[in-house]
Amino acid sequence: MVKFNVNKKSQVEIMGLVIIMIIISLVLLFVVSVVFKQKPGTEFSEAHGDLSSTFVNTLLQTDSGCVQDTTMQDLFVNCARSAGKGSITCDDGITKSCEYLNVTVISILENTLNVWNVDTERGYEFIAVVPPQKVLMHYTAGDLSTSLGGQVEPFPLSLYPSPVDLMIYLCVGGCGIDY
Amino acid sequence: MIAQGCIKMDKKAQIKMGESIIILFIFFILVVFGLVFYASISKFTSGQAAVEAEEMNVENIQKELRFLSEIQCTESGNTRFDCYDIGKIIATQDSIQENYNYYAQTVFLQTNISFVEVFPDNNEWILYEPVFTEDNMMNVKGGSAFQIPVTLFDPLEDTYNFGYVSIMVYKYG
């Protein structure tokens, strides 16, 4: 009689353990299913990544306002070809293309990306460089130290007949490149 | 002897009760932890779903705008990508007012669309603003603005200017 009671007791204890194990495995299953659930729809993150390419494309097509019938792209190319000095003098008779470009691009960046809070959310970096080491422009906004680095897709502008291209980077979250 | 046995049994029963209480305590902690975790995850996913729906809405509006022939820049019959003619935008503002129902129901829905010129001048043209009824107004719980850089063609100066299109999507509660 005593033996039978002890057996029943141990069976009940084992049942308790089994229930606890089932509960723990259910919780684990739920956590795993939530963590590894595939993220649906990445369309807009791509669109957000397109921001830098749309921005630079639009910038390069914009009329410079320095000299008639010159675009920002013309000024970038002129600035790069003249080793960062600029051989085009603007209509005011004083400002050279590189200086004009610097002021204008920073003004556009500040009136757009800063107004859209890109600088406070992730920070960004604008770089115009002729490899290996000639930096025409380098502008950063926001705290890039907290960022892991964003899009590093350069926009090459041909400097023909020179074999090297002018590379323009606009990286949301920092470029993280060495030049 | 019998009294000693009773004390021993009491002690055993107390220990068993303590065990049961601890197990129940741990069980309830696990339940509470699970509930909190579930609530935070469901809140996060529903928020994400709302943001994604909003972004999809913006994408659709952006596509509509890109192919809206009323405001596109054209050069010798060819359209220029991501470029909008300021003259056409101003003309279309009137057209939208005259055919408000068509644009509100099939093109722009409940969004606010404006073009902002950043360089060389600072100007803004509101292309479309939804008209809210009193009931709609009560349900609006703020909105999010999305900006896309575009070229704005000034036909009077014959210049291509830098600007952006701002698409404001309203949230309903």
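Throughout, residues of each chain are indexed from 1 in the direction in which the sequence is written. The order in which chains are written sets their letters, starting at A; the order in which ligands are written sets their numbers, starting at 1. Per-residue local features are limited, in this predicted model, to residues with pLDDT of at least 70; the limit for side-chain atom pairs, both in listing and counting, is 80 or more; totals at the level of whole chains, interfaces and linings are taken over all residues. Calculated side-chain values reflect all of the structure's heavy atoms, with hydrogen atoms and water omitted.

**Some remarks on the interface of chain A and chain B**
Point 1. Facing 27 residues of chain A, the contacting portion of chain B comprises 26 residues.
Point 2. One speaks of a salt bridge when a side-chain nitrogen belonging to Lys or Arg is within 4 Å of a carboxyl oxygen belonging to Asp or Glu. On the surface where chain A and chain B come into contact, there are one salt bridge.
Point 3. We note a salt bridge from Lys16 of chain B to Glu13 of chain A, for which the minimum N-O separation is 3.4 Å.
Point 4. Polar contact is defined as a pair of N or O atoms within 3.5 Å, subject to the rule that within protein one atom must be able to donate a hydrogen and the other to accept it, and that residues adjacent in sequence are counted only when both atoms are side-chain atoms. Scanning the region where chain A abuts chain B turns up three residue pairs in polar contact (both at pLDDT 80 or more). Contacts were defined at the residue level, with two residues in contact if any of their heavy atoms lie within 4.5 Å.

**Notes on the environment of Ser97 of chain A**
Residues and elements named next belong to chain A.
Point 1. The numbering of helices and of strands both runs from the N terminus, where a helix is a DSSP run of H or I of at least 4 residues and a strand a run of E of at least 2. Residue position: Ser97 is located in helix H4 (residues 97-112).
Point 2. A relative accessible area of 0% means that Ser97 is categorised as buried.
Point 3. For the pair Ser97 and Met72, spaced 25 residues apart in sequence, the C-alpha to C-alpha distance is 9.5 Å. When a residue's accessible area, from a 1.4 Å probe over protein chains only, is under 20% of the maximum for its type it is buried; when over 50% it is exposed; and in between it is partly exposed.

**Notes on the pattern of salt bridges**
Residues and elements named next belong to chain B.
Point 1. Following the criterion strictly, the structure yields three salt bridges over all chains and no others.
Point 2. Ionic pairing is found between Arg66 and Asp82, a salt bridge with its closest N-O pair at 2.9 Å. Placement of Arg66 in helix H1 (residues 2-66) and of Asp82 in strand E2 (residues 78-85) is noted, with a sequence separation of 16 residues between them.
Point 3. Take Arg66: its relative accessible area is 23%, and that puts it in the partly exposed class.
Point 4. Exposure remark for Asp82: the relative accessible area of 11% places this residue in the buried category.

**Details of the sheet that holds strand E5 (residues 140-154) of chain B**
Residues and elements named next belong to chain B.
Point 1. Here, any two strands with at least 2 DSSP bridges between them count as paired. Read from one edge to the other, the open sheet built from six strands follows the order E1-E2-E5-E6-E3-E4, with strand pairing classed as mixed. Among the strands making up the open sheet, the edge pair consists of strand E1 (72-75) and strand E4 (123-128). The mean angle between the axes of side-by-side strands here comes to 30°, regardless of whether they run parallel or antiparallel.
Point 2. Bridging between E5 and strand E6 (residues 159-172) involves 13 bridges; their strand directions are antiparallel. The residue of E6 that forms the bridge with Phe146 is Ile167. Whenever a helix is involved, its axis is fitted only over the stretch in contact; in every case the axis is a line through C-alpha atoms, and angles between N-to-C directions fall within 0 to 180 degrees.

**Topic: unusual backbone geometry**
Point 1. Cis rather than trans, the peptide bond between Tyr160 of chain A and Pro161 of chain A has omega equal to 10°.
Point 2. Mapping Pro161 of chain A onto the fold places it in the loop between strand E3 (155-158) and strand E4 (165-172).
Point 3. Between Phe119 of chain B and the following residue, Pro120 of chain B, the backbone shows a cis peptide bond with an omega angle of 5°.
Point 4. Looking at the element boundaries, Pro120 of chain B is found in the loop between strand E3 (111-119) and E4.
Point 5. With a phi close to 60°, Asp69 of chain A is a non-glycine residue in the positive phi region.

**Brief notes about the environment of Val118 of chain B**
Point 1. Locating Val118 of chain B in the fold gives a position in strand E3.
Point 2. Measuring from C-alpha to C-alpha, the distance between Val118 of chain B and Gly163 of chain B comes to 5.0 Å, with 45 residues separating the pair along the chain.
Point 3. Once residues lying within four places of it in the same chain are set aside, the contact partners of Val118 of chain B are Ile108, Asn111 and Thr112 of chain A together with Phe162, Gly163 and Tyr164 of chain B.

**Section: a nonpolar patch on the surface**
Point 1. Taken together, Ile20, Ile24 and Leu28 of chain A together with Ile22, Ile23, Phe25, Ile26, Ile29 and Leu30 of chain B make up a surface patch of nonpolar side chains, about 830 Å² in accessible area.
Point 2. Secondary-structure elements contributing two or more residues to the nonpolar patch are helix H1 (2-35) of chain A together with H1 of chain B.
Point 3. In terms of residue count, H1 of chain B provides more of the nonpolar patch than any other element does, six residues in total.
Point 4. Within the secondary structure layout, Ile20 of chain A lies in helix H1.
Point 5. Look at Ile20 of chain A and you get partly exposed, because its relative accessible area is 38%. The patches reported here contain residues having more than 30% relative accessible area and no salt bridge. Joining distances are 9 Å for like charges and 5 Å for nonpolar side chains (Val, Leu, Ile, Met, Phe, Trp, Tyr). All accessible areas in this document rest on Shrake-Rupley with a 1.4 Å probe, and a residue is counted as covered only by the protein chains that are shown.

**Comments concerning the confidence of the model for chain A**
Point 1. Mean pLDDT over chain A: 82, with 83% of residues reaching 70 or higher.
Point 2. Across chain A, H4 of chain A holds the top mean pLDDT of 94, while helix H2 (residues 43-61) of chain A sits lowest at 75. The predictor attaches a confidence to each residue, called pLDDT, with possible values from 0 through 100.

**Focus: the packing of aromatic side chains**
Point 1. To pair, rings of Phe, Tyr and Trp, with the six-membered ring standing in for Trp, must have centres within 6.5 Å; the planes then decide the type, stacked if under 30 degrees apart, edge-to-face if over 60, and tilted in the middle. In the structure shown here, the tally under the stated rule is 15 aromatic pairs over all chains.
Point 2. On the basis of an interplanar angle of 85° and a centroid distance of 4.9 Å, the ring pair of Trp116 of chain A and Tyr164 of chain B is categorised as edge-to-face. With Trp116 of chain A in the loop between H4 and helix H5 (118-121) and Tyr164 of chain B in strand E6, the pair connects residues from two separate chains. The pair Trp116 of chain A / Tyr164 of chain B is uniform in exposure class, with both members buried.
Point 3. A ring is scored as having a charge over it whenever the NZ atom of a lysine or the CZ atom of an arginine sits within 6 Å of its centre and within 35 degrees of its normal. For the cation-ring pair, Arg80 of chain B lies above Tyr160 of chain B, with the distance from its terminal atom to the ring centre recorded as 3.8 Å.

**Remarks on the packing of helix H3 (residues 72-81) of chain A against H4 of chain A**
All names here are of chain A.
Point 1. Relative orientation of the contacting elements H3 and H4 amounts to 135°, with a least axis distance of 9 Å. By the angle between their axes, H3 is oblique relative to H4. Handedness of the H3/H4 crossing: left-handed. On the side of H3, the interface is formed by Met72, Leu75, Phe76, Asn78 and Cys79, while H4 contributes Ser97, Cys98, Tyr100, Leu101, Thr104, Val105 and Ile108. Small angles under 35 degrees read as roughly parallel and large ones over 145 as roughly antiparallel, with 65 to 115 read as roughly perpendicular and the rest as oblique. In this scheme, a crossing is called left-handed if the near helix is turned counterclockwise away from the far one by less than a right angle; it is called right-handed if the turn is clockwise.

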